Amino acid sequence: MKFKNKGRKIYKTKEKNYYGKSGAGKAFSVGLTILLIGGIGFMGYSVAEPLVNYSKKKGDKDSAATSAAVTTTETAEITTAALTDDAGKNIPPRQSLNSEIYKAAALKETDLLNIDALELAIGRLPTGQGIEYLEVPLKVRGGAVYYSTNVFLAGAAKAYPEMLSLEQIVTAVEKAGYKPAAVISIFNDNLLPVTDGSAGYRTYNTDEQWIDNDPASGGKPWASPYSELAVNYNADIAGEISSAGFQKVICTDLVFPQFRQTDLDILDPELSSPSRSMKMTAAANLLNDRILKNGSSMFVEVSAADIIRGSKDILQPMLLNVNTVVLNLNIDELSSGVYTSETVYDFSGSVTEKAEKAVKLVEGDLSDFNVVIRLSGNSSSMMELIEARDSLIKKGYSSFVLG
């Protein structure tokens with residue numbers, strides 16, 4: 001949809017259902033000669049094999065083989081069979097045939113104050129919702145680390161003087177009957193560039209540290225994917241966590257700051273170019289490699305509000321070696337409205353209505369990924385989040401995170 005530059009508009013959506021596409025069978029004529037069949041078969045195999053190998057990503061589960069040829073050219077087939085929800089009703093096909101159905105709840109960083117706070121928070125989780133994984137925030141937006149880490153540069157980022165160890169956290173989660181998953185914020189880190197200025201963005205001509213606002217207004221530096229130090233620091237944290245028994249590592253804030261034109265004028269010209277996406281996905285792929293080596297798997301979490309604002313550098317399926325994206329529908333953030341240079345996207349109504357509207361706006365950007373829906377926000381009750389979850393399950397989004 002194109003918008004003419006006539007000032008800000010209030011965005012209203014039309015009623016429309018968005019579902020995944022279903023495949024159509026292709027029939028070959030039985031009247032072809034043996035020679036023609038052989039020629040086509042040879043050409044098809046020669047072309048299809050490298051294409052499939054090119055598209056297969058690290059960490060993908062293998063599809064079931066029906067022949068030796070299929071075994072050597074594993075494919076991520078999209079199911080055309082209807083999924084079913086907990087009530088046994090048919091729902092539209094949305095996810096990959098070989099993708100895992102992920103059902104999780106998320107803790108808050110304050111739940112990691114001590115072991116008693118952690119166990120109390122786990123005990124408050126909703127029951128009867130099929131929750132299998134428990135997401136624990138171990139490095140949060142801003143850069144604070146909420147566990148006892150051995151990564152050297154994280155010393156100044158510890159949130160509490162006495163932190164829980166990763167072993168304590170994993171044990172508490174598993175004791176309660178859940179599988180541990182970790183959440184780490186990557187580049188929205190305002191602490192690392194203070195410890196070492198080379199970890200942040202630098203002005204192009206004068207090599208000074210860039211901050212996101214005037215110092216008097218609380219401006220802060222950000223960690224940059226162009227910094228080898230920043231990338232390796234986050235990879236070390238991801239490696240430490242994934243080797244401690246966390247089965248999933250969800251990486252959030254794989255984003256650039258919301259640069260203004262005045263910022264871009266003094267920064268590296270590449271930051272004004274679409275090619276900057278290559279640097280972001282390269283950093284994500286390094287994290288993925290480190291996590292996979294430790295027997296864990298990586299998800300990428302993105303904000304629905306960020307995508308609406310146009311921040312989607314990480315969503316490059318041809319470059320990114322991660323197949324699963326967690327779409328965070330932060331109801332508090334959506335309720336305040338999402339602003340672009342030309343449009344105000346207004347989110348009113350119930351939590352369910354806000355969630356459905358946000359999904360409609362961004363699902364085209366996620367069509368090449370397995371999608372997990374995260375419903376979050378402090379102003380919404382757990383019951384409201386569950387109702388929104390149930391509504392989206394009926395639309396084919398079977399993987400979810402509550403909280």
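Treat the numbers as computed from the prediction; the structure is a model and nothing was measured. (Residues numbered from 1 in each chain as written. Predicted model: local features only at pLDDT ≥ 70, side-chain atom pairs only at ≥ 80, totals over all residues. Heavy atoms only, no water.)

Visitor: Explanation requested: unusual backbone geometry in the structure shown.
Guide: Negative phi is the rule for most residues except glycine; trans is the rule for most peptide bonds. For Asp207, which is not glycine, the phi torsion reads 55° and is therefore positive. Mapped onto the elements of the fold, Asp207 is located in the loop between α5 (192-195) and α6 (228-242). The phi dihedral of Asp253 falls on the positive side, at around 55°, and the residue is not glycine. Within the fold, Asp253 resides in the loop between β7 (248-252) and α7 (261-264). (Helix = DSSP H or I, 4+ residues; strand = E, 2+ residues; numbered from the N terminus.)

Visitor: I'm lost on the packing of helix α3 (residues 115-123) against helix α4 (residues 166-175) in this one. Help?
Guide: For any two helices packed against each other, the geometry comes down to the angle between their axes and how far apart the axes lie. Viewed as axis vectors pointing N to C, α3 and α4 meet at an angle of 30°, and their least axial separation amounts to 10 Å. Classified by the angle between their axes, α3 and α4 sit roughly parallel to one another. Considering the relative orientation of α3 and α4, their crossing is right-handed. Residue-level contacts link Ile115, Leu118 and Ile122 of α3 to Gln168, Ile169, Ala172 and Val173 of α4. Within the contact of α3 with α4, the residues separate by chemical class into six nonpolar, one polar and no charged. (Axes fitted to C-alpha atoms, helices over the stretch in contact; angles between N-to-C directions. Parallel < 35°, antiparallel > 145°, perpendicular 65-115°, else oblique. Left-handed = near helix turned anticlockwise from the far one by under 90°. Contact = heavy atoms within 4.5 Å. Nonpolar A, V, L, I, M, F, W, Y, C, P; charged D, E, K, R; others polar.)

Visitor: Help me out: how do you make sense of the environment of Tyr160 in this one?
Guide: Mapped onto the elements of the fold, Tyr160 is located in the loop between β5 (133-139) and α4. Residues Tyr160 and Asn114 lie 46 residues apart in sequence; the distance between their C-alpha atoms is 9.7 Å. Here Tyr160 is in contact with Glu109, Thr110, Leu112, Leu113 and Tyr146, once residues within four sequence places are set aside.

Visitor: Is there a simple way to think about the pattern of salt bridges in this case?
Guide: In a structure, side chains of opposite charge can pair up when their charged atoms sit close to one another. Per the stated rule, a full pass over the model turns up 14 salt bridges. Here Arg290 and Asp236 are joined by a salt bridge, their closest N and O atoms 3.1 Å apart. Residue Arg290 is found in helix α8 (residues 276-293), and its partner Asp236 is found in helix α6; the two are separated by 54 residues along the sequence. In this structure Asp236 comes out as partly exposed when scored by relative accessible area, which is 36%. Among the ionic pairs, Asp263 bridges to Arg260, the shortest N-O distance being 3.2 Å. (Salt bridge = Lys/Arg side-chain N within 4 Å of Asp/Glu carboxyl O. Buried < 20%, exposed > 50% of the residue type's maximum accessible area, 1.4 Å probe, protein only.)

Visitor: Would you take a moment to explain the sheet that holds strand β12 (residues 370-376) for this structure?
Guide: Sheets are built from strands paired through backbone hydrogen bonds, the pairs being either parallel or antiparallel. Taken in spatial order, the eight strands line up as β4-β5-β6-β7-β8-β9-β12-β13 and close into a barrel, and their pairing is parallel. Neighbour to neighbour, the strand axes of the sheet diverge by 30° on average, direction disregarded. Its contacts with the sheet place α6 against β5, β6 (179-185) and β7, and it is angled at close to 170° to β6. Against the sheet, helix α11 (residues 351-362) contacts β9 (324-330) and β12, and its axis sits at roughly 135° relative to β9. (Pairing = 2+ DSSP bridges.)

Visitor: Mind showing me how you'd approach the packing of α11 against helix α12 (residues 382-394) here?
Guide: Following both chains from N to C, one finds α11 and α12 inclined at 45°, their axes separated by 8 Å at the closest point. When the axis of α11 is compared with that of α12, the two are oblique. Relative to α12, the crossing made by α11 is right-handed. Residue-level inspection shows Val351, Thr352, Ala355, Glu356 and Val359 of α11 in contact with α12, the latter providing Glu384, Leu385, Glu387, Ala388, Ser391 and Leu392. Classifying every residue of the contact of α11 with α12 by side-chain character gives six nonpolar, two polar and three charged.

Visitor: How do you make sense of the packing of aromatic side chains when you look at a structure like this?
Guide: Aromatic ring pairs are described here by two measures, namely the spacing of the ring centres and the angle between the planes. The tally for this structure, following the rule as stated, stands at six aromatic pairs. For the pair Tyr146 and Tyr160, a centre-to-centre distance of 5.5 Å together with 85° between the ring planes defines the contact as edge-to-face. Separated by 14 residues along the polypeptide, Tyr146 in the loop between β5 and α4 and Tyr160 in the loop between β5 and α4 bring together distant segments of the chain. Each member of the pair Tyr146 and Tyr160 is classed as buried. Judged by centre distance (5.2 Å) and plane angle (65°), the ring pair of Trp210 and Phe259 falls under edge-to-face. Remark: Phe259 occurs in the loop between β7 and α7 and Trp210 occurs in the loop between α5 and α6; sequence separation between them is 49 residues. With relative accessibility at 4%, the residue Trp210 sits in the buried group. Taken together, the ring pairs in this structure connect Tyr102, Tyr133 and Phe299 into an aromatic cluster. Over the ring of Phe400 we find Arg389, and its NZ or CZ is 4.5 Å from the ring centre. (Phe/Tyr/Trp six-rings, centres within 6.5 Å; stacked < 30°, edge-to-face > 60°. Lys NZ or Arg CZ within 6 Å of the ring centre and 35° of its normal.)

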